[in-house]
Amino acid sequence: MRVFHIVPVGVQCCLAQISGDQFESESGITIHWVNEHYDEGAIIAQYSTHIEPTDTVADKDLLEIDRWALSRLEELVNRVLKSYDSYDFHVLYHAVHNFCSVDMSAFYLDVLKDRLYTSAPDSLARRSAQNALWHITQAMLRWMAPFLSFTAEEAWHVLGMGQTIFSDSYVHLPEPDLPLMGKWSRILKLREEVNKEI
């Protein structure tokens, strides 16, 4: 039987831990795990800003790396929705967590930050990044809302999206660009090998 000590870490941290568990088997909550993973729910939203209609960029005009990020998001959609439908919350949680920590934090946001900090506000380079982040944020917040409710709701209000995230529906995205995904998969493997030698 599990005993949860709520006070030091908060209800939402425990929700996140439970969502990541395979509830068919026994496992325990750890304070270290919760503290380490709590902030990852908002990793995308902190880089996203509101996109004015004049700042939108057509998908075909986005920079290639931004199209890759959206394709990775699109690749995740079916897995996320299927996990919710089948109540496989641990599959959902780990898929979203890996997307945030591996695809976004360890690669995309790391590459992107210089472009966001140094490009002119009205440049294609900056607007392309902001458009990609906006779409990622819109999808991510809706996926996170059931198990990171407070983080998702707070980010929703910060972005000025309306009364509550819980009255909205999931974002429907086009199919991923498979040739582009294949190209960037090879680039990432090469990057990994190079990083081992540095």
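Nothing here was measured: the structure is a model prediction, and the numbers come from that model.

Participant: Explanation requested: the overall build of the protein chain in the structure shown.
Facilitator: Broken down by element type, the protein chain carries 7 helices and 0 strands. Each helix and strand of the protein chain, placed in order from N terminus to C terminus, yields the pattern α-α-α-α-α-α-α. Here the contacts in the protein chain between residues at least 6 apart in sequence split such that 71% fall between residues at least 24 apart. As displayed, the protein chain offers around 11,200 Å² of accessible surface, 57% of which is attributable to carbon and sulfur atoms.

Participant: In this structure, what is going on with the side chain of Arg 142? I would like to understand it.
Facilitator: Structurally, Arg 142 can be placed in helix α5 (residues 124-144). Of the polar contacts made by the side chain of Arg 142, one reaches the side chain of Asp 168; its length is 2.8 Å.

Participant: Sorry, what's going on with α5 here?
Facilitator: Along an α-helix, residues three or four positions apart point the same way, because every turn accommodates 3.6 residues. In this model, α5 (21 residues) spans 30 Å end to end at C-alpha, consistent with the 30 Å of a helix rising 1.5 Å per residue. Of all 21 residues making up α5, 18 are buried, and the element is well covered by its neighbours.

Participant: Please explain the packing of aromatic side chains as it appears in this structure.
Facilitator: Counted under the stated rule, the structure contains 8 aromatic pairs. Both rings, one in Tyr 84 and one in Phe 89, keep their centres 6.2 Å apart while their planes meet at 65 degrees; by these two values the pair is edge-to-face. Residue classification places Tyr 84 among the buried positions, given a relative accessible area of 12%. Three or more aromatic residues link up through ring pairs in this structure, and these residues are Trp 68, Phe 107, Tyr 108 and Trp 184.

Participant: It is not clear to me how a nonpolar patch on the surface should be interpreted in this structure. Could you clarify?
Facilitator: A grouping of Leu 190, Val 194 and Ile 198 is seen on the molecular surface, where their side chains present a nonpolar patch of about 340 Å² in accessible area. Mapped onto the fold, Ile 198 is located in the segment after α7 (178-197).

Participant: How should unusual backbone geometry be read in this particular structure?
Facilitator: Of all residues except glycine, most have a negative phi; of all peptide bonds, most are trans. If you check the backbone angles, Tyr 87 has positive phi at about 60 degrees while not being a glycine. Here Tyr 87 shows up in the loop between α3 (64-85) and α4 (89-118).

Participant: Would you mind going over helix α6 (residues 149-158) with me for this structure?
Facilitator: Of the residues making up α6, those classed as buried are Ser 149, Thr 151, Ala 152, Glu 153, Ala 155 and Trp 156. Immediately downstream of α6, the backbone of Gly 160 shows phi near 65 degrees, a positive value.

Participant: Hey, could you run me through the environment of Arg 142 in this one?
Facilitator: A relative accessible area of 10% means that Arg 142 is categorised as buried. Each C-alpha atom of the pair Arg 142 and Glu 153 lies 9.3 Å from the other, and the pair is 11 residues apart in sequence. Engagement of the side chain of Arg 142 in a polar contact is seen with the backbone oxygen of Gln 138, the distance being 2.7 Å. Within the local environment of Arg 142, its side chain forms a polar contact with the backbone oxygen of Ser 169, the two atoms lying 2.6 Å apart.

Participant: Any chance you could explain the packing of α5 against α6 here in plain terms?
Facilitator: Two packed helices can be described by the angle between their axes and the distance between those axes. Where α5 meets α6, the closest approach of the two axes is 8 Å, and the angle between their N-to-C directions is 145 degrees. For α5 against α6, the interelement crossing comes out left-handed. Seen from α5, the contacting residues are Gln 138, Leu 141, Arg 142 and Met 144; seen from α6, they are Ser 149, Thr 151, Ala 152, Ala 155 and Trp 156. By residue class, the composition of the contact of α5 with α6 is 5 nonpolar, 3 polar and 1 charged.

Participant: I tried to follow the confidence of the model for the protein chain on my own but got confused; where do I start?
Facilitator: Detailed reading of the predicted coordinates is not advisable wherever pLDDT is low. Of the residues in the protein chain, 73% reach a pLDDT of 70 or more, and the chain-wide mean stands at 77. Mean pLDDT in the protein chain bottoms out at helix α2 (residues 31-37), which sits at 42, and peaks at α7, which reaches 93. Within the model, pLDDT remains below 50 along residues 1-9, and this stretch shows 14 contacts once partners closer than five positions in the same chain are excluded. Below pLDDT 50 for its whole length, residues 23-47 participates in 48 contacts with residues either more than four positions away or in separate chains.

Conventions adopted
- Residues numbered from 1 in each chain as written.
- Predicted model: local features only at pLDDT ≥ 70, side-chain atom pairs only at ≥ 80, totals over all residues.
- Heavy atoms only, no water.
- Helix = DSSP H or I, 4+ residues; strand = E, 2+ residues; numbered from the N terminus.
- Contact = heavy atoms within 4.5 Å.
- Areas by Shrake-Rupley, 256 points an atom, 1.4 Å probe, with all protein chains shown as cover.
- Polar contact = N/O pair within 3.5 Å; in protein donor to acceptor, adjacent residues only side chain to side chain.
- Expected span 1.5 Å × (residues − 1).
- Buried < 20%, exposed > 50% of the residue type's maximum accessible area, 1.4 Å probe, protein only.
- Phe/Tyr/Trp six-rings, centres within 6.5 Å; stacked < 30°, edge-to-face > 60°.
- Patch = residues over 30% accessible without salt bridge, like charges linked within 9 Å, V, L, I, M, F, W, Y side chains within 5 Å.
- Salt bridge = Lys/Arg side-chain N within 4 Å of Asp/Glu carboxyl O.
- Axes fitted to C-alpha atoms, helices over the stretch in contact; angles between N-to-C directions.
- Left-handed = near helix turned anticlockwise from the far one by under 90°.
- Nonpolar A, V, L, I, M, F, W, Y, C, P; charged D, E, K, R; others polar.
- pLDDT = per-residue confidence, 0-100.

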